[in-house]
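Spelled out from the first residue to the last, the chains are:
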Amino acid sequence: MAQATNKNRFDLTGRVAIVTGAARGIGKALAIGLAEEGAAVVVNYAQAADRAAEVVKEIEAIGGRAIAIKADVSNEADVARLTAETITAFGQIDILVNNAGIIYPGNAEDYPLDSWRKTMATNLDGVFLMSRDVGRHMISRRTGSIITIGSMSGRIVNWPFRHAAYNVSKAGVHMLTKALATEWAEHNIRVNAIAPGYIRTELTDQVSKEHPDVVNQYWEKGAVQGRIGDVDELIGATVYLASDASSFTTGEIITIDGGLTLR
Ligand code: NAP
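Treat the numbers as computed from the prediction; the structure is a model and nothing was measured. (Residues numbered from 1 in each chain as written. Predicted model: local features only at pLDDT ≥ 70, side-chain atom pairs only at ≥ 80, totals over all residues. Heavy atoms only, no water.)

Caption draft 1: Local environment of the site of the ligand. As a structural note, the neighbourhood of the ligand is formed by 28 residues, with Arg24, Gln47, Asn99, Tyr166 and Ile199 the closest of them. Ile26 is positioned with one of its backbone polar atoms (N or O) 2.9 Å from an oxygen atom of the ligand. In the model, an oxygen atom of the ligand is placed 2.9 Å from a nitrogen or oxygen of the Ala46 main chain. In isolation the ligand has 910 Å² of accessible area, and contact with the protein removes 91% of it. Secondary-structure elements contributing two or more residues to the shell around the ligand are α1 (25–36), β2 (40–45) and α5 (164–184). (Near = heavy atom within 4 Å. Polar contact = N/O pair within 3.5 Å; in protein donor to acceptor, adjacent residues only side chain to side chain. Areas by Shrake-Rupley, 256 points an atom, 1.4 Å probe, with all protein chains shown as cover. Helix = DSSP H or I, 4+ residues; strand = E, 2+ residues; numbered from the N terminus.)

Laid out in structure tokens, this is it:
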């Protein structure tokens, strides 16, 4: 049996993390959560420069180190620059959180090809490109943890709102997680995903305003815990997967959905 120890296995002091799409919502919470455990954080954003700067300030206010870098994760040149600028600023990358994601709802029979392609470009190509470029750096250092924010929508078909493209993109990143975990275990890199259920963000607040009955019946009552989750409720699993506490965990998809997918 393992000996009791005072070592904090969740400590991220000295580690460097990139969180994509970290200017708001889940990404912002995860960036701050990683900084609270000691990691220096790159707050990536696509458009929201002011909000990203605010997140940097929040991290600095708690004594952490952070910088904001603009980059579109679906753009190969942007991803290469984001990776290079992070290494220039902080010397290394230990943790990558692939959080940036978009959703365009719509019935499949009327769904525009352009919306399908945009969804895949950010949700699937973006995760591949970020993982590939940061993974190459991690391979050279023989250490690293990659965490992708997938979705319960990669496991089940949400109802009554329809968004087949989003479901397919999230199922894709779950399989990409398993494939990369398998390829890169020999380089001491772990690759995992988190599959959240309904989490309160600006995006879901808007849906709650427009369709309160659907949200109550399907999102809140659908979860055995009877509610929507908070962004902060994803921090624990992210810190776990980023840290040495999860040293024997790879290729795993951790569902955090208040039990919605249980029934
Ligand atoms: P959100 O509030 O809409 O935030 C998404 C962030 O992604 C935005 O800050 C946006 O940046 C960034 N982004 C979008 N496209 C980008 C691109 N091409 N390159 C770089 N950044 C980009 O979304 P959220 O609700 O926090 O969701 C975050 C992740 O969790 C997504 O992957 C989503 O699919 C997943 N998820 C969410 C829920 C939920 O209930 N909220 C449930 C399951 C999974 P800018 O603001 O700079 O444009």
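Next comes the rest of the description.
Caption draft 2: Structural detail: the packing of α1 against helix α2 (residues 49–61). The contact between α1 and α2 brings their axes to 10 Å, and the two run at 25°. For the element pair α1 / α2, the angle class is roughly parallel. Classified by chirality, the crossing of α2 by α1 is right-handed. Here Lys28, Ala31, Ile32 and Ala35 of α1 lie close against α2, whose contacting residues are Val55, Glu58 and Ile59. Along the lines of polarity and charge, the residues of the contact of α1 with α2 split into 5 nonpolar, no polar and 2 charged. (Axes fitted to C-alpha atoms, helices over the stretch in contact; angles between N-to-C directions. Parallel < 35°, antiparallel > 145°, perpendicular 65-115°, else oblique. Left-handed = near helix turned anticlockwise from the far one by under 90°. Contact = heavy atoms within 4.5 Å. Nonpolar A, V, L, I, M, F, W, Y, C, P; charged D, E, K, R; others polar.)

Caption draft 3: Looking closely at the pairing of strand β6 (residues 189–196). A large share of β6 lies buried, amounting to 8 of its 8 residues. Neither face of β6 is left uncovered, since the one carrying Ile189, Val191, Ala193 and Ala195 and the one carrying Arg190, Asn192, Ile194 and Pro196 both have all their residues buried. Pairing geometry for strand β5 (residues 144–149) and β6, over 6 bridges, is parallel. Bridging across to β6, Gly144 finds its partner in Ile189. Taking the sense of rotation as the criterion, the β-α-β connection linking β5, α5 and β6 turns out right-handed. Bridge count for β6 against strand β9 (residues 253–256) is 4 bridges, and the pairing is parallel. Considered in β9, the bridge of Ala195 is made with Thr255. (Buried < 20%, exposed > 50% of the residue type's maximum accessible area, 1.4 Å probe, protein only. Pairing = 2+ DSSP bridges. Right-handed = clockwise from strand over helix to strand, strands pointing away.)

Caption draft 4: Just the packing of aromatic side chains, in detail. Applying the stated rule across the entire model yields 2 aromatic pairs. Taking the centre distance of 6.2 Å and the plane angle of 80° together, the rings of Phe161 and Trp219 count as edge-to-face. Here Phe161, found in the loop between β5 and α5, pairs with Trp219, found in helix α7 (residues 212–220); they are 58 residues apart in sequence, far enough to count as distant. Exposure remark for Phe161: the relative accessible area of 24% places this residue in the partly exposed category. Owing to a relative accessible area of 6%, Trp219 belongs among the buried residues under this scheme. Ring centres of Tyr198 and Trp219 lie 4.0 Å apart, and the angle between their planes is 5°; this geometry places the pair in the stacked category. (Phe/Tyr/Trp six-rings, centres within 6.5 Å; stacked < 30°, edge-to-face > 60°.)

Caption draft 5: Representation of the packing of helix α6 (residues 202–210) against α7 within the structure. Here α6 crosses α7 at 115°, and the two axes come no closer than 5 Å. With respect to each other, α6 and α7 are oriented roughly perpendicular. Taking contact as the criterion, the partners of Thr204, Val207, Ser208, Lys209 and Glu210 in α6 are, on α7, Pro212, Val215 and Trp219. A per-class count over the contact of α6 with α7 returns 4 nonpolar, 2 polar and 2 charged.

Caption draft 6: Highlighting the sheet that holds β9. Reading across from one edge, β3-β2-β1-β4-β5-β6-β9 is the order of the 7 strands in this open sheet, with parallel pairing throughout. Only two strands of the sheet have a single neighbouring strand rather than two, namely β3 (66–70) and β9. Going from strand to strand, the sheet's axes swing by 20° on average, the running direction of each strand aside. Two strands pair when backbone bridges link them, and strand β4 (residues 95–98) and β5 are joined in this way by 4 bridges, in the parallel orientation. Within the sheet, the bridge partner assigned to Ile95 lies in β5 and is Ser145. The strands that α1 touches are β1 (16–19), β2, β4 and β5; relative to β1, the one it contacts most, it runs at about 175°. Of the strands in this sheet, β1, β4, β5 and β6 are in contact with helix α4 (residues 113–141), which crosses β4 at around 175°.

Caption draft 7: Spotlight on the pattern of salt bridges. Counted by the stated rule, this structure contains 13 salt bridges. A salt bridge links Glu54 to Lys57, with the nearest nitrogen and oxygen atoms 3.8 Å apart. Of this pair, Glu54 and Lys57 are both found in helix α2, 3 residues apart, which corresponds to roughly one turn of the helix. Of the residues examined, Glu54 reaches a relative accessible area of 44% and is grouped as partly exposed. For Lys57, a relative accessible area of 53% gives the class exposed. The structure contains a network of salt bridges with shared partners spanning Glu76, Arg132, Asp133 and Arg136. (Salt bridge = Lys/Arg side-chain N within 4 Å of Asp/Glu carboxyl O.)

None of the figures reported here should be taken as evidence of function without further support.
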